[in-house]
Amino acid sequence: MDQGSRGDLMGRLAEATESVTTTHPLRVAIDGPPAAGKTTLADELAAVLRAQGHDIDTDTPLSPPVTTAPADAVLLFDGVFLLRPELIDRWDLRIFVSVPFGRTVGRAQIRGTALAGSAAGTTDIERCWRNRYIPSQQLYFATARPTDHADIIVYNDELLRPSWEVRSN
């Protein structure tokens, strides 16, 4: 297992994407529990890949006409439940962002209050998290075992000092 700065992690993930050879756009899954930091990690990785000469378009939601990605494109998908059995073979590189469930509750409360502009909803956020999100993740872990299928596991407990494990699957 390695540990370093966010920049160190992004460098390692960029190396991992460059090491995968495909004849189609590279499909990278970034999975993990809600509030684990998947979207932040994907955004940071996209910026590094863009700086290295990959796709220069912004990651802004639009409704552009349907196009086909060039064969040398890197497509980053972040979300929950991406490493379930029916999707596992769709990914060329599988990254799992791991965070203890208790830490995700606090992050969700911070995110929720930032969006709502008030701390009044933190109790509701915690209740929802403990009654819905954590049980769904526990079921996912028990049935799909996503970490067993990950090529890289990022331990995102400490955002500024993550650890990661590169695995050979």
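Okay, so let's go over this structure. Bear in mind that the values here come from a model prediction, so they are computed numbers and not experimental data.

### Observations regarding the overall build of the protein chain
Part 1 of the reasoning: Tallying secondary structure elements over the protein chain gives five helices and six strands in all.
Part 2 of the reasoning: With 169 residues in all, the protein chain has 37% of them scored as buried.
Part 3 of the reasoning: Intrachain contacts of the protein chain at a sequence separation of at least 6 include 76% that bridge at least 24 residues.

### Structural notes on helix 2 (residues 38–51)
Spacing of three or four residues puts side chains on the same side of an α-helix, whose turn is 3.6 residues.
Part 1 of the reasoning: Spanning 14 residues, helix 2 covers 20 Å between terminal C-alpha atoms, matching the ideal 20 Å at 1.5 Å per step.
Part 2 of the reasoning: Those residues of helix 2 that sit buried are Lys-38, Leu-41, Ala-42, Leu-45, Ala-46 and Leu-49. Buried residues in helix 2, looked at end-on, bunch into an arc of 135 degrees, giving them a common side.
Part 3 of the reasoning: Within two residues after helix 2, Gly-53 carries a phi angle of roughly 100 degrees, on the positive side.

### Examining the pattern of salt bridges
Part 1 of the reasoning: One pass over the structure, following the stated rule, counts ten salt bridges.
Part 2 of the reasoning: Of the charged contacts, one joins Asp-124 and Arg-127 as a salt bridge, the two residues approaching to 2.9 Å between their closest N and O atoms. Placement of the pair is Asp-124 and Arg-127 together in helix 4 (residues 122–144), with a separation of three residues, close to one helical turn.

### Some remarks on the packing of aromatic side chains
Part 1 of the reasoning: Within this structure, the stated rule accounts for six aromatic pairs.
Part 2 of the reasoning: When the centroid spacing of 5.1 Å and the interplanar angle of 55 degrees are considered together, the rings of Phe-77 and Trp-91 count as tilted. Note that Phe-77 is positioned in strand 3 (residues 74–78) and Trp-91 in the loop between strand 3 and strand 4 (93–98), a separation of 14 residues in sequence.
Part 3 of the reasoning: The class for Phe-77 is partly exposed, based on a relative accessible area of 35%.

Criteria and thresholds
Residues numbered from 1 in each chain as written. Predicted model: local features only at pLDDT ≥ 70, side-chain atom pairs only at ≥ 80, totals over all residues. Heavy atoms only, no water. Helix = DSSP H or I, 4+ residues; strand = E, 2+ residues; numbered from the N terminus. Buried < 20%, exposed > 50% of the residue type's maximum accessible area, 1.4 Å probe, protein only. Contact = heavy atoms within 4.5 Å. Expected span 1.5 Å × (residues − 1). Arc of directions from axis to C-beta. Salt bridge = Lys/Arg side-chain N within 4 Å of Asp/Glu carboxyl O. Phe/Tyr/Trp six-rings, centres within 6.5 Å; stacked < 30°, edge-to-face > 60°.

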